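Next come the chains, spelled out residue by residue.
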Amino acid sequence: MKQHPTRRVRRAATLAYRLRTAVADQDRARLFLAESAGQAAEATYRRRARVTELRVKWATLRARRALDRVPEQDRAHVDRYLQALLRLDSILTKTSPAAVRRFLRWN
């Protein structure tokens, strides 16, 4: 019988996923900032880059704290759950929003 992941495992994996998302947002913000050098929108992108940097710091702290609360024997479950979240995210980004709505309507 397959055992469900514990709440701590799910929480740690979810926070690790949020950390990856925050890092991706930070990379995008840095790219936009570099591309907007010398333009009127530069201040906006500089502010966005600063905000995403803070989000990454906080997400790192929260993910590390949550992972520390997971027992040592369950650490592999965190990685498996994180990989499942990443696969789901990959599927959803490739699927149109209308298809997702149709799927949710019928399931």
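Provided above is the structure to which this section pertains.
First, a word on scope: everything that follows refers to the structure included in this document. Bear in mind that the values here come from a model prediction, so they are computed numbers and not experimental data.

Rules of the game
- Residues numbered from 1 in each chain as written.
- Predicted model: local features only at pLDDT ≥ 70, side-chain atom pairs only at ≥ 80, totals over all residues.
- Heavy atoms only, no water.
- Patch = residues over 30% accessible without salt bridge, like charges linked within 9 Å, V, L, I, M, F, W, Y side chains within 5 Å.
- Areas by Shrake-Rupley, 256 points an atom, 1.4 Å probe, with all protein chains shown as cover.
- Salt bridge = Lys/Arg side-chain N within 4 Å of Asp/Glu carboxyl O.
- Lys, Arg positive; Asp, Glu negative; His and termini not counted.
- Charge placed at Lys NZ, Arg CZ, Asp CG, Glu CD.
- Helix = DSSP H or I, 4+ residues; strand = E, 2+ residues; numbered from the N terminus.
- Core = buried A, V, L, I, M, F, W, Y, C linked by side-chain atoms within 4.5 Å.
- Buried < 20%, exposed > 50% of the residue type's maximum accessible area, 1.4 Å probe, protein only.
- Contact = heavy atoms within 4.5 Å.

Quick word on a positive patch on the surface
There is a patch of like positive charges on the surface, built from Arg 7, Arg 8, Arg 10, Arg 11, Arg 18, Arg 62, Arg 65 and Arg 69. Per-element accounting of the positive patch gives the leading share, five residues, to helix H1 (residues 7-35).

Remarks on the nonpolar core
Ranked by internal contacts, the top residues of the largest apolar core, which has 14 residues, are Ala 12, Leu 19, Val 70 and Val 78. Listed by contribution, the elements that provide at least two residues to this core are H1, helix H2 (42-69) and helix H3 (75-94). Sort the elements by how many residues they give to this core and H1 lands first, with seven residues. In this view, Val 78 contacts Val 9, Ala 12, Ala 13, Leu 67 and Val 70; residues no more than four positions away in its chain are not counted.

Details of the pattern of salt bridges
Evaluated as defined, the whole model comprises three salt bridges. Taking the shortest distance from any N to any O, the salt bridge between Asp 25 and Arg 28 comes out at 2.2 Å. Taken together, the residues span about one helical turn, with Asp 25 and Arg 28 both in helix H1 at a distance of three residues. Since its relative accessible area comes to 30%, Asp 25 is described here as partly exposed. As a salt-bridge pair, Glu 42 and Arg 46 come within 2.9 Å of each other at their nearest N and O atoms. Here Arg 46 and Glu 42 lie together in helix H2, a separation of four residues that amounts to about one turn. On the basis of relative accessibility, which here comes to 22%, the residue Glu 42 falls in the partly exposed class. Classification of Arg 46 as partly exposed rests on a relative accessible area of 41%.

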